[in-house]
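Here are the chains, one letter per residue:
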Amino acid sequence: MTLNKHSQKIHFKTESEYTMKSIRFLLLTITTMFIIIAGLMVVLGISVYTHYHNFSFFYEAAKSGRFVTPSLLCVLFGMGLFIVTLFGFFGSLKQSTCLVNMYAFFLIIMVILKIVVVILSFTISTNQLRSYVRVPVEQYVEDSEISVELDALQKSLNCCGSTSYKDYAGMNFTSYHDTVVISTDTDTIVVPTSCCAKSGDVYCTRIRSTGCQNALVNMLVQNSSVIGILGVSVTFIQILGIIFALLLAKCIRKMKSEKALIQWKIREQMILAQKSEAEDNTVYIGHTESSHA
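Scope of this entry: the structure provided in the associated data block. Within every chain, residues take consecutive numbers counted from 1 along the sequence as written. Local features in this predicted model are restricted to residues of pLDDT 70 or higher, and side-chain atom pairs are both shown and tallied only at a pLDDT of 80 or more, whereas totals for entire chains, interfaces and linings draw on every residue. To get the side-chain values, all heavy atoms of the structure are used, and hydrogens and water are removed first.

The next subject is the overall build of the protein. Helix and strand assignments come from DSSP, with helices taken as H or I runs of at least 4 residues and strands as E runs of at least 2, each series counted from the N terminus. A tally of helices and strands in the protein yields eight helices and four strands. When the helices and strands of the protein are read in sequence order from the N terminus, they spell out α-α-α-α-α-α-β-β-β-β-α-α. Partly exposed describes any residue whose relative accessible area lies between the buried limit of under 20% and the exposed limit of over 50%, with all areas from a 1.4 Å probe on protein chains only and scaled to the type maximum. Counting only residues that meet the buried cut, the protein has 31% of its 293 residues in that class. Calculation of accessible area relied on Shrake-Rupley with a 1.4 Å probe; when residues are assessed, cover is drawn exclusively from the protein chains displayed. Surface exposure of the protein reaches about 19100 Å², of which carbon and sulfur atoms provide 64%.

A word on the packing of aromatic side chains. Two rings belonging to Phe, Tyr or Trp (six-membered ring only in the last case) form a pair when the distance between their centres is within 6.5 Å. Interplanar angles under 30 degrees mark stacking, angles over 60 mark edge-to-face geometry, and anything in between is tilted. All chains considered together, the criterion is met by six aromatic pairs. Centroid distance Y168 to F173: 6.3 Å. Interplanar angle 35 degrees. Geometry classified as tilted.

Topologically, C195 is positioned in the loop between β2 (188-192) and β3 (196-199). C-alpha separation for the pair C195 and N158, spaced 37 residues apart in sequence, amounts to 7.9 Å. Residue contacts are counted whenever heavy atoms from the two residues lie within 4.5 Å of one another. Those residues in contact with C195 that lie beyond four places of it in its chain are Q154, C160, G161, Y168, I207 and R208.

A word on the state of the cysteines. The criterion for a disulfide is a pair of cysteine sulfur atoms lying within 2.5 Å. With the rule as written, the count across this model stands at three disulfides. Across the disulfide, C159 is cross-linked to C212 (sulfur-sulfur distance 2.1 Å). Given an S-S torsion of about 85 degrees, the disulfide between C159 and C212 has right-handed geometry. Of this pair, C159 sits in the loop between α6 (144-156) and β1 (179-183) while C212 sits in helix α7 (residues 212-222), and the two are 53 residues apart along the sequence. The exposure classification of C159 matches that of C212, with both residues buried. A sulfur-sulfur separation of 2.1 Å characterises the disulfide bridge that pairs C160 with C195. Where C160 bonds to C195 through sulfur, the torsion about that S-S bond is close to 85 degrees, and the disulfide is right-handed. One end of the pair, C160, is in the loop between α6 and β1; the other, C195, is in the loop between β2 and β3, and 35 residues separate them in sequence.

Okay, structure coming up:
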């Protein structure tokens, strides 16, 4: 009984356990980074959606409606990344092979989807990309938030309208809108002041000739290298997470097998020791000789 009590207090440190601790630390570091990134994405998406919930002009597909906006996609992707990362985080803490393998499986799916998106982005043409960009000029008068954001967009990108300043032709501006007049040889058009690079008292002397649709597409093309570098960096970290998750799952299985083997050997030695002790304590009593009178 004494040997059994002492054996229960013994904690064996195997080589697999030391290796597992190192890999678990690295995986916890990566999962913590992903949790922070996912949280920032959710906060960013919610803040953008709160302020500009009616403004969905950039990257919105024509057939997808007004619900597929960058802010909502950012929130959904951030929540998905957060949920997936929790598998790896708690799997590392609890040393659960099932959770760690699930984390690696979902990361593999995310990496494959990202590679598919990258391949599609290289095959898409500028004209196809332009079809996915929508600038809701027709809602400039109806929606005050859209008018404010369009003014900021036109000033920052030095553009006017969706395709040109002629998109504002025939629009019924009110006294609340700041407008100028563009006079050409053929017609006279009232446009927002943000469309004018240089204006006089009433008439615009220099108009922003580039459409905001082309300006947005050009901006995406110019910044594609930066976006690609960020995407490759995140993908590289995800691949490291997959490698560490698979290694951790392997180390957990090996460690549990080694511990089970050691405990089995200890129990076997205890049984043998108890048998030996029982044989040593056995008292041999011989036959007594009877005396005859």
